[in-house]
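# Architecture at a glance
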There are 2 protein chains.
Amino acid sequence: MKNLGLCTDLYELTMAQSYLEHGKTGRAVFSLFVRKLPENRNFLVSCGLETLLERIESFRFGDEELRYLKSLGKFSDDFLDYLREYEFKGEIYAIPEGRVVFQNEPLIQVEGSLPEVQILETLVINTVHLQTVIASKAVRSFLVSQGTSLVDFGFRRAHGLESGIYAARASYITGFAGTSNLEAGRRFGIPVFGTVAHSYIMVFDSEEEAFRAFAKSFPGNAVLLLDTYDTLEAARKAVQLAKEGVPVVGVRLDSGDIETLSKEVRRILDEGGLKNVRIIVSGGVDEYKIEGWLSKGCPIDAFGVGTKFITSADAPYLDMAYKLVEYEGKPKVKTSPGKATFPFKRQVCRFYSGGSMEHDEVVRYGEEVEGEKLVEKVVENGSLKVKLPGLEEIRESLMEDIERLPKELKTLKKHEYRVIIK
Amino acid sequence: MKNLGLCTDLYELTMAQSYLEHGKTGRAVFSLFVRKLPENRNFLVSCGLETLLERIESFRFGDEELRYLKSLGKFSDDFLDYLREYEFKGEIYAIPEGRVVFQNEPLIQVEGSLPEVQILETLVINTVHLQTVIASKAVRSFLVSQGTSLVDFGFRRAHGLESGIYAARASYITGFAGTSNLEAGRRFGIPVFGTVAHSYIMVFDSEEEAFRAFAKSFPGNAVLLLDTYDTLEAARKAVQLAKEGVPVVGVRLDSGDIETLSKEVRRILDEGGLKNVRIIVSGGVDEYKIEGWLSKGCPIDAFGVGTKFITSADAPYLDMAYKLVEYEGKPKVKTSPGKATFPFKRQVCRFYSGGSMEHDEVVRYGEEVEGEKLVEKVVENGSLKVKLPGLEEIRESLMEDIERLPKELKTLKKHEYRVIIK
């Protein structure tokens, strides 16, 4: 899509038309935040800002979009003219990507004329929600990975191609070694990895022939998939082939009792002199399984992390909202039960104790405060006013935050971090 | 993206290069199926075929894609030439969209030369998985909706823009009245709906003024959002405004104790002479809540169904695989524990009893069988050979299948349908 103007909900545009008709074009601030963390999350990882800024630039209405809107019979010509000229000219305040964040902290704050910022709602939530959901899930595997490598194998079961591509980006910043997803590799420069599928093993007359063939095609890259027929038998074949000079660099286990199999396979490989051959495990892998296997001493070197991470299966969504907090300098709150909001543009101040995060305070933007300020102005009058960090820089930033995370937040058990709203 | 060639996993291409190097270019059949239904699904709804066929046409490799692949240093010039010429020329067999389907039934079967069909794996799974996941979730709300209207309000929390757009499509075929998603409206001709957000209410000096303003802007469309401050108070204002001639057509409740509020609001509206004003409920709506509220007699006319449906929160993925089942006319199976496959290209035959589905049999394709045949050949030599149904036709087809579903499968309780694999 060239123009993203229709990537919005109908009501954003009906509201905007009505705002214009009633002169409600004063300066407004909307805040994107998560009301409450899911049960299985101790913190979130901010992710998706760069994608959002690209999309806001493409949030325009061309002939095709306007023709469709006209056909709905709801919009005035004046309003369609407004949309034809639409181009975001306001301010964006954001917590940079790759930061540890919590409930009620404004990830993104958008300021501009009311209709201008209202109609971005759907795009802002959709874009930042996806990558924040995925990064916040992926980082949990990293936290329990004990130095093993993690690779995103999830593309096939992501919710669409786009979701798979951005999930590769989101997981890379959380410490994944790379992805199997080639489009993500090309687009973001993320390292790509892969082995072979069962189908490859099955089309050769024997498993052994398949192993030989793949090693011949990719001599530096022969990771043998062991579980098509009998995993331990296949491990013995790998040893035999290595003795004949076939360059085996790794083996992959994709099914079965991984605890028993990984230990048995390691023993077979070691006894066969293949101490350097890595064991890669895939198939239903998530942070709970990684922690379980590693705590039982399973000799696994790398994990292909797939479906459960790429759909964030245990918490597939966040209670993320984009709410009006200020209009013409006045505080705006709603008082709906369970959905109350806090007024005004905000800064998040982080306080440390002994090198460890101690608590955060969410204060009015511009107030004199102690602590590390997380929110920065990234767009002014519609133009980017900071140099956005590259992926490696975002990743390093998150690694620094993880260093400073209180120990109990780095586990898979629920712990609350203190966020004070002032 | 113009060319979708990189929307695949690295290993698909390394395997394909190795197949070509070892003369493994015989005819292969891959089958896309779901091994096991999730705990909360009695059946699935086939969805995504049309999107898949469009994407397979775009699965090509241009200069940009080839330059990236060359840069990886893994691929031979011969193989890159193969990719440059790549264009799918094989056969596709599919169960049409909008059919009720079950475990082990081949949704899509792709036949062609081995490398040609192998490299489509990621694209095939990703595309059909998303829409089948969503349609199979959405239909559950329809089954318990008792004639109320359902509207997709989920775009903002979908896993990406693409996921939101296709989810609107997938839910429309399951009986949703429409969507709030304008891009889906434009692209698929789905009816679009919307009301107003809390922000709209909050920027006016009073709730009443906001109600008046919106009704003035959209006289035929004034659905008043009641829960920004005090829901019952707002309902009384709606009555008052209607008495003054403001054309109120509906009210929306987005938070609070919906059971109590919907009954109280109905009473207030009825007593105020607004018997025709519809009550629309949104906010955390899913099939469980719809069934619960309606079973308690809540006077709700329509639901905005959002986050939980658009992420299929209780079953965000299916155990869907694309497996080699036949190569050069010979059966192919893997015997991995829990992941065993059934060989050969297949037909699904459905047997009815007294107008109700009785059981399905999955037989070899081309065998003489009784029963309704679900699988049809849709692509031959790379070209579409059937006229694909439009969305309305797909929707009607699903409605017919729902008519014929055994009663117990139409509930939210788990029931198994018999699928015999021959």
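Residues numbered from 1 in each chain as written. Chains lettered and ligands numbered in written order. Predicted model: local features only at pLDDT ≥ 70, side-chain atom pairs only at ≥ 80, totals over all residues.

## Remarks on the overall build of chain A
A tally of regular secondary structure across chain A gives 15 helices and 19 strands. For chain A, the spread of C-alpha atoms along the three principal axes comes to 80 × 55 × 40 Å. Burial status across chain A gives 56% buried among its 422 residues. Residue pairs in contact within chain A that sit at least 24 positions apart in sequence constitute 72% of those at least 6 positions apart. (Helix = DSSP H or I, 4+ residues; strand = E, 2+ residues; numbered from the N terminus. Buried ≥ 20, exposed ≤ 12 C-beta atoms within 10 Å, placed from the backbone. Contact = placed C-beta atoms within 7 Å.)

## Details of the pairing of strand S9 (residues 248–253) of chain A
All names here are of chain A. In this structure, strand S8 (residues 222–225) lies alongside S9, joined through four bridges in parallel fashion. By the bridge assignment for S9, Ala 222 is matched with Val 248. Taking the sense of rotation as the criterion, the β-α-β connection linking S8, helix H11 (residues 231–243) and S9 turns out right-handed. Between S9 and its parallel partner strand S10 (residues 278–281), the chain crosses via helix H12 (residues 258–271), and the hand of that crossover is right-handed. (Pairing = 2+ DSSP bridges. Right-handed = clockwise from strand over helix to strand, strands pointing away.)

## Considering unusual backbone geometry
Not every positive phi belongs to a glycine, and A:Glu328 is a case in point at roughly 50°. Here A:Glu328 lies in the loop between strand S12 (320–327) and strand S13 (330–331). A positive phi angle, close to 80°, is found at B:Phe344, a residue other than glycine. Position of B:Phe344 relative to the elements: it lies in the loop between strand S13 (330–331) and strand S14 (346–353). Among the residues examined, B:Phe344 registers 20 C-beta atoms within 10 Å and is labelled buried.

## Details of the sheet that holds strand S5 (residues 108–113) of chain B
Residues and elements named next belong to chain B. Overall, antiparallel pairing links the seven strands, which are arranged S13-S12-S1-S5-S3-S17-S18 in an open sheet. Whereas interior strands pair on both sides, the edge strands pair on one side only; in this sheet they are S13 and strand S18 (383–384). Taken strand by strand, helix H6 (residues 121–143) contacts strand S1 (27–34), S5 and strand S12 (320–327), and its axis lies near 135° from that of S12. (Axes fitted to C-alpha atoms, helices over the stretch in contact; angles between N-to-C directions.)

## Quick word on the relation of the copies chain B and chain A
After a rotation of 180° and a shift along the axis of 0.0 Å, chain B superposes on chain A with an RMSD of 0.0 Å. Those values place the two copies in the arrangement expected of a two-fold rotation axis. Both copies contact each other with a shared surface, as 100% of the interface residues of chain B are interface residues in chain A too. (Least-squares fit on C-alpha atoms with pLDDT ≥ 70 in both.)

## Structural notes on the nonpolar core
It is characteristic of soluble globular proteins that their nonpolar side chains tend to be buried jointly. Grouped together as the largest cluster of nonpolar side chains are 268 residues, with contacts concentrated most on A:Val124, A:Val251, B:Val124 and B:Val251. If sequence neighbours within four positions are ignored, A:Val251 has contacts with A:Val223, A:Leu224, A:Leu226, A:Ala235, A:Ala238, A:Val265, A:Val277, A:Ile279 and A:Ile280. (Core = buried A, V, L, I, M, F, W, Y, C linked by C-beta atoms within 7 Å.)

## A short note on the interface of chain B and chain A
Counting residues at the interface gives 73 residues for chain B, matched by 74 residues for chain A. Taken together, the elements giving at least two residues each to the side of chain B that touches chain A come down to helix H1 (10–21), helix H5 (114–118), H6, helix H7 (161–173), helix H8 (182–188), helix H9 (198–203), helix H10 (207–217) and S12 of chain B. A total of seven residues in the side of chain B that touches chain A trace back to one element, the largest contributor, which is H1(B). The residue inventory of the side of chain B that touches chain A, partitioned by class, reads 32 nonpolar, 28 polar and 13 charged. (Nonpolar A, V, L, I, M, F, W, Y, C, P; charged D, E, K, R; others polar.)

## Remarks on the sheet that holds strand S17 (residues 376–380) of chain A
Note: strands within a sheet are paired through backbone hydrogen bonds, in either parallel or antiparallel orientation. Residues and elements named next belong to chain A. Within the open sheet, the seven strands sit side by side as S13-S12-S1-S5-S3-S17-S18. Their pairing is antiparallel. Looking at which strands have only one partner, the edges of the open sheet turn out to be S13 and strand S18 (383–384). Bridge count for strand S3 (residues 91–94) against strand S5 (residues 108–113) is four bridges, and the pairing is antiparallel. Pairing of Ala 94 across the sheet is with Ile 108, part of S5. Running over the sheet, helix H6 (residues 121–143) touches strand S1 (27–34), S5 and S12 and is turned about 135° from S12.

## Re the domain arrangement of chain A
All names here are of chain A. With domains assigned, chain A is organised as domain 1 (10–134 + 317–421) and domain 2 (144–310). For domain 1 versus domain 2, the separation of C-alpha centres amounts to 38 Å. Looking at the side of domain 1 that touches domain 2, the elements that each hand over two or more residues are H6 and helix H15 (391–404). Broken down by element, the residue count for the side of domain 1 that touches domain 2 peaks at five residues, all from H15. (Domains from an automatic or database assignment.)

## Section: helix H1 (residues 10–21) of chain A
Between the first and last C-alpha of H1(A) there are 17 Å, a value that for 12 residues agrees with the 16 Å anticipated at 1.5 Å per step. Of all 12 residues in H1(A), 10 are buried, a share of seventy percent or more. Restricting attention to buried positions, one finds in H1(A) the residues A:Leu10, A:Tyr11, A:Glu12, A:Leu13, A:Thr14, A:Met15, A:Ala16, A:Gln17, A:Ser18 and A:Tyr19. Next to the buried residues of H1(A) lie helix H4 (77–85), helix H5 (114–118) and H6 of chain A together with H8, H9 and H10 of chain B. Backbone geometry just downstream of H1(A) places A:Gly23 in the positive-phi region, at approximately 70°. (Expected span 1.5 Å × (residues − 1).)

## Observations regarding the packing of helix H11 (residues 231–243) of chain B against helix H12 (residues 258–271) of chain B
All names here are of chain B. Taken N-terminus to C-terminus, the directions of H11 and H12 make an angle of 25°; their axes are 9 Å apart at the nearest point. In terms of orientation, H11 and H12 fall into the roughly parallel class. The two elements H11 and H12 meet at a crossing, and its hand is right-handed. Contact residues: H11 offers Thr 231, Leu 232, Ala 235, Arg 236 and Val 239, while H12 offers Leu 261, Glu 264, Val 265, Ile 268 and Leu 269. Of the residues belonging to the contact of H11 with H12, the class tally is seven nonpolar, one polar and two charged. (Parallel < 35°, antiparallel > 145°, perpendicular 65-115°, else oblique. Left-handed = near helix turned anticlockwise from the far one by under 90°.)

## Looking at the confidence of the model for chain A
Overall, the prediction assigns chain A a mean pLDDT of 96, with 99% of residues at 70 or greater. Prediction confidence for the complex, expressed as pTM and ipTM, is 0.97 and 0.97 respectively. (pLDDT = per-residue confidence, 0-100.)

## A short note on the pairing of strand S11 (residues 302–305) of chain B
Residues and elements named next belong to chain B. Burial along S11 is two-sided: Ala 302 and Gly 304 facing one way and Phe 303 and Val 305 facing the other are all buried. Relative to S11, strand S6 (residues 149–152) runs parallel, the two sharing four bridges. Paired with Val 151 across the two strands is Gly 304, which belongs to S11. The sheet contact formed by strand S10 (residues 278–281) and S11 spans two bridges and is parallel. If you follow Val 281 over to S11, its bridge partner there is Phe 303. Note on the crossover from S10 through helix H13 (residues 287–295) to S11: the handedness is right-handed.

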